[in-house]
Amino acid sequence: MAFLWLALCLTPACCLLHKDEDPESPIKNLRMQPETRRLTWDLSGNVSEIGCFINSRFITKATDKRYCEFRVLSSCQVTNFTVASTGDPPFSTGILYPRPEGHPEAAAQRLGCWVHDVDFLTCSWEAGRAAPGDVQYRLYWQDLKTYEEEECPRYGVDDRGTHIRCHFDDVSRLREHVQFLVKGTSKGARIPCSDLTVELARIERLSLPNITGMCNTSYSVMEWKMSSHFNHRFTYELEIQKGSDPAYTEKAPDSYFALPNPGNYAVRLRAHARFRKTWSEWSAVRRFGLGSFQEEKLRTQTRTEGRPECDLGKDTHFRDWLTSALIPLGALLALGLGVALCQRYSVLQKLFPPIPHLKDPINDTLHSSKLVAWEASRASREDCQVAEVQVLGEM
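Predicted, not measured: the structure shown is a model, and the values here were computed from it. (Residues numbered from 1 in each chain as written. Predicted model: local features only at pLDDT ≥ 70, side-chain atom pairs only at ≥ 80, totals over all residues. Heavy atoms only, no water.)

(A) Here's a closer look at the sheet that holds strand 6 (residues 79–85). The four strands are arranged 4-3-6-7 in an open sheet whose pairing can be described as antiparallel. Every other strand in the sheet has two partners, leaving strand 4 (57–61) and strand 7 (91–97) as the edge strands with one partner each. Each neighbouring strand pair of the sheet contributes to a mean axis angle of 25°, computed without reference to strand direction. In this structure, strand 6 lies alongside strand 7, joined through seven bridges in antiparallel fashion. (Pairing = 2+ DSSP bridges. Helix = DSSP H or I, 4+ residues; strand = E, 2+ residues; numbered from the N terminus. Axes fitted to C-alpha atoms, helices over the stretch in contact; angles between N-to-C directions.)

Written out as structure tokens, the structure reads:
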């Protein structure tokens, strides 16, 4: 069986087409169902494995020998779909989908789309060479899962007023896989459509962030943040030049990089997304560690070189950071020390003695339960010592 499949895959599909010569083929009524992207047929007789080909290239085996399902199906490009079997002898049959319509060179040409500046998407195309003068094109994007279709919200035109560009202002609501269709209309001719199926992560032109940093004379920590709706894993490469030394590159797996003993230096970066084969363009150059005496000179340089992020000569950023951290820490220590002293010496009780309770004129009566009965025969702490005095006579 493996040998038969190998022979089938190596044999061009054009040579396997016997639809006209073999009227008794077990595969009949071959048809495409665009709503499910399935190539299906009616099967009769005992058939071994069945495979599906697109333009003579093997794509997949049939499911239950009844249909082949495709992940992407072009709505505009005429394609030769072939179904072949390893029966004895092998046979095949095929169809063209979609059916040819109009002059192919009247359709939009060079259709291309790209994501840029994080949130935006632009598509462009050219009018077909055989398109009539009154041709007008309209672009639609289609969700590959829901088949939802929406027209371009904002067009760009050429000198004749023909749509040749489309702009989307919010790509966050688009799915990762999208199909774009450009449909043409004319009063005197039928215009074929053009389509393009893309993965938005692969067509994004990455927008590189500015590098910020905190510095002192010992080290510099640089940070940046990438933004993208479709790419989420990046690796980075930094090009660093210290003073007049030759520039060198460093790899950074995360969005920060620590540079020891930096001195005065310039840096730029580029990014590589997980699903892209090439690196992005380099970012603008950022300069770090320029002293305050060089600020005036820096103003005369190009804008791409940027303004200094920190002053290594005077450690001003480090001192500001240290001061901002020590002030609240000192306040907390002083507060803790004050609370400890108050508990140790009972300062609060001396400063704020308890207020005695006032006598209640109503409840404090002779019938109060707090009164104790007097017992004459029992001495108490309140008894007074009485001394006997004897009078001897009058003076």
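(B) The nonpolar core, seen in detail. Formed by 27 residues in total, the largest nonpolar core has its most connected members in Leu121, Trp125, Tyr137, Leu139, Phe180 and Leu200. Counting only elements with at least two residues in this core, the list comes to strand 8 (109–116), strand 9 (120–126), strand 10 (136–143), strand 13 (163–168) and strand 14 (177–185). Apart from the residues lying within four places of it in its own chain, the contact partners of Trp125 are Ala108, Gln109, Arg110, Leu111, Tyr137, Leu139, Tyr155, His163, Ile164, Arg165, Cys166 and Val182. Counting residues in each nonpolar core, the second largest holds 19 residues, with Met226, Ile240, Val267 and Phe288 among its members. (Core = buried A, V, L, I, M, F, W, Y, C linked by side-chain atoms within 4.5 Å. Buried < 20%, exposed > 50% of the residue type's maximum accessible area, 1.4 Å probe, protein only. Contact = heavy atoms within 4.5 Å.)

(C) Representation of the side chain of Thr122 within the structure. With respect to the secondary-structure elements, Thr122 resides in strand 9. Residue Thr122 is classed as buried on the basis of its relative accessible area, which comes to 4%. Aside from chain neighbours lying at most four places away, what touches Thr122 is Gly112, Cys113, Trp114, His116, Arg165, Cys166 and His167.

(D) Representation of the pattern of salt bridges within the structure. In this structure the tally under the stated criterion is 14 salt bridges. Put simply, Glu150 and Arg173 hold a salt bridge, and the shortest N to O gap is 2.8 Å. Of this pair, Glu150 sits in strand 11 (residues 149–151) while Arg173 sits in the loop between strand 13 and strand 14, and the two are 23 residues apart along the sequence. Three or more residues joined by partner-sharing salt bridges are found here, namely Glu237, Lys251 and Arg270. (Salt bridge = Lys/Arg side-chain N within 4 Å of Asp/Glu carboxyl O.)

(E) Examining the sheet that holds strand 20 (residues 256–260) more closely. Here three strands make up an open sheet; going across it, the order is 16-17-20 and the pairing antiparallel. Two strands bound the open sheet, and with one partner strand each, they are strand 16 (212–215) and strand 20. Shown here is a sheet whose adjacent strand axes are inclined to one another by a mean of 15°, direction ignored. Relative to strand 17 (residues 219–223), strand 16 runs antiparallel, the two sharing four bridges. Note that in strand 17 the partner of Met214 across the bridge is Val221.

(F) Molecular detail of the layout of surface pockets. If you add up the space inside the largest pocket, you get close to 460 Å³. Lining the largest pocket we find 21 residues, and of these Cys76, Gln77, Val78, Pro192 and Cys193 sit closest to its centre. Within the residue set of the lining of the largest pocket, elements represented by two or more residues are strand 8, strand 14 and strand 15 (194–199). (1 Å grid on protein atoms, 1.4 Å probe; cavity = no way out; pocket = protein on both sides within 12 Å on 5 of 7 lines; lining within 4 Å. Points joined across faces, edges and corners; volume = space filled by probe spheres on them.)

(G) Examining the packing of aromatic side chains more closely. Under the criterion given, the structure shown has six aromatic pairs. Geometrically, the ring pair formed by Trp224 and Tyr236 is edge-to-face, given 5.4 Å between the ring centres and 75° between the ring planes. Of this pair, Trp224 sits in the loop between strand 17 and strand 18 (234–242) while Tyr236 sits in strand 18, and the two are twelve residues apart along the sequence. Assessed through its relative accessible area of 6%, Trp224 is described here as buried. One aromatic cluster in this structure is built from Trp224, Phe234 and Tyr236. Over the ring of Tyr67 we find Arg38; its NZ or CZ atom is 4.1 Å from the centre of that ring. Over the ring of Tyr140 we find Lys183; its NZ or CZ atom is 5.0 Å from the centre of that ring. (Phe/Tyr/Trp six-rings, centres within 6.5 Å; stacked < 30°, edge-to-face > 60°. Lys NZ or Arg CZ within 6 Å of the ring centre and 35° of its normal.)

(H) Inspection of unusual backbone geometry at higher detail. Between Tyr97 and Pro98 the backbone carries a cis peptide bond, its omega angle lying at -10°. Its location among the elements puts Pro98 in the loop between strand 7 and strand 8. For Ser56, which is not a glycine, the phi torsion comes out positive at approximately 70°. Position of Ser56 relative to the elements: it lies in the loop between strand 3 (50–54) and strand 4. Of the residues examined, Ser56 reaches a relative accessible area of 34% and is grouped as partly exposed. Here Asp117, not a glycine, exhibits a phi torsion of approximately 50°, which is positive. Here Asp117 is to be found in the loop between strand 8 and strand 9.

(I) Quick look at a nonpolar patch on the surface. A cluster of nonpolar residues, Leu326, Leu329 and Leu333, forms a patch on the protein surface that exposes about 300 Å² of accessible area. Mapping Leu326 onto the fold places it in helix 4 (residues 316–345). Overall, Leu326 belongs to the partly exposed group, its relative accessible area being 48%. (Patch = residues over 30% accessible without salt bridge, like charges linked within 9 Å, V, L, I, M, F, W, Y side chains within 5 Å. Areas by Shrake-Rupley, 256 points an atom, 1.4 Å probe, with all protein chains shown as cover.)

(J) Here's a closer look at the environment of Ile164. Considering the arrangement of structural elements, one finds Ile164 in strand 13. With relative accessibility at 17%, the residue Ile164 sits in the buried group. Separated by 56 residues in sequence, Ile164 and Ala108 place their C-alpha atoms 8.6 Å apart. Excluding its chain neighbours within four sequence positions, the residues that come into contact with Ile164 are Cys123, Ser124, Trp125, Gly156, Val157 and Asp158.

Scope: geometric values only; no functional claims are made or implied.
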